[in-house]
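What the coordinates show
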Amino acid sequence: MKLSLILAGSLSIVAASFASQAFADGKALYLEKTCIACHGKDAKKPLTPEYPKLAGQNAKYAEKQMQDIKSGARANGNSAAMKGVMHLVSDEEIKEIAKYLSEIK
Ligand code: HEC
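Attention here is on the structure that accompanies the text. (Residues numbered from 1 in each chain as written. Predicted model: local features only at pLDDT ≥ 70, side-chain atom pairs only at ≥ 80, totals over all residues. Heavy atoms only, no water.)

Things to note about the environment of Lys 105
- Position of Lys 105 among the secondary structure elements: in the segment after α6 (91–103).
- Judged by relative accessible area, Lys 105 falls into the exposed class, the value being 85%.
- C-alpha separation for the pair Lys 105 and Asp 42, spaced 63 residues apart in sequence, amounts to 9.6 Å. (Helix = DSSP H or I, 4+ residues; strand = E, 2+ residues; numbered from the N terminus. Buried < 20%, exposed > 50% of the residue type's maximum accessible area, 1.4 Å probe, protein only.)

Some remarks on the site of the ligand
- Neighbouring the ligand are 22 residues; Cys 35, Cys 38, His 39, Asn 78 and Met 82 lie closest to it.
- The separation between a nitrogen atom of the ligand and a polar side-chain atom of His 39 is 2.7 Å.
- Contacts to the ligand include Tyr 61, whose side-chain N or O atom sits 2.8 Å from an oxygen atom.
- Residue assignment for the shell around the ligand shows that the elements contributing at least two residues are α3 (35–39), α4 (59–71) and α5 (79–83).
- In terms of residue count, α4 provides more of the shell around the ligand than any other element does, 5 residues in total.
- Residues belonging to the shell around the ligand are distributed by class as follows: 13 nonpolar, 7 polar and 2 charged. (Near = heavy atom within 4 Å. Polar contact = N/O pair within 3.5 Å; in protein donor to acceptor, adjacent residues only side chain to side chain. Nonpolar A, V, L, I, M, F, W, Y, C, P; charged D, E, K, R; others polar.)

A word on α4
- For α4, with 13 residues, the first-to-last C-alpha span of 18 Å sits near the 18 Å given by 1.5 Å per residue.
- Those residues of α4 that are buried lie in contact with α5 and α6. (Expected span 1.5 Å × (residues − 1). Contact = heavy atoms within 4.5 Å.)

Focus: the environment of Leu 88
- Considering the arrangement of structural elements, one finds Leu 88 in the loop between α5 and α6.
- Taking the relative accessible area as the measure of exposure, Leu 88 reaches 33% and is therefore partly exposed.
- Apart from the residues lying within four places of it in its own chain, the contact partners of Leu 88 are Lys 33, Thr 34 and Glu 93.

Have a look at this one:
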């Protein structure tokens with residue numbers, strides 16, 4: 001409860017800035033589409049060290065990896081764990097999330 005209030009508060013601060021609109025959308029999607037469960041709150045501390053850190057990753061690369069995991073083209077390592085949730089995100093949403101991930105300092 002407390003955490004969700006803090007998250008909602010920081011989201012609205014980010015959303016208040018026009019320049020950061022895409023950032024806010026990508027972040028909202030990241031939180032909403034279960035990504036946070038495995039990749040951590042700020043994409044910096046994954047659930048286990050076997051899962052990747054995503055913060056600061058190149059947007060183009062992250063976008064491609066998400067599409068490949070979604071389509072099954074990438075099926076190495078632990079990617080099966082993630083494939084199960086990828087029906088939740090469209091190509092447009094994947095783009096927004098990739099942009100957000102690349103902008104995390
Ligand atoms: C059930 C756990 C789980 C969930 C939920 C999950 N992921 Fe992942 N994700 C993984 C794992 C595990 C990998 C690494 C797969 C491998 O070992 O090759 C991964 C890989 C990635 C990669 C590629 C990283 C790289 O360096 O190649 C990106 C980007 C990514 N996830 C983004 C997301 C986003 C965005 C969401 C939400 C829509 C999400 N993930 C939801 C577990 C998860």
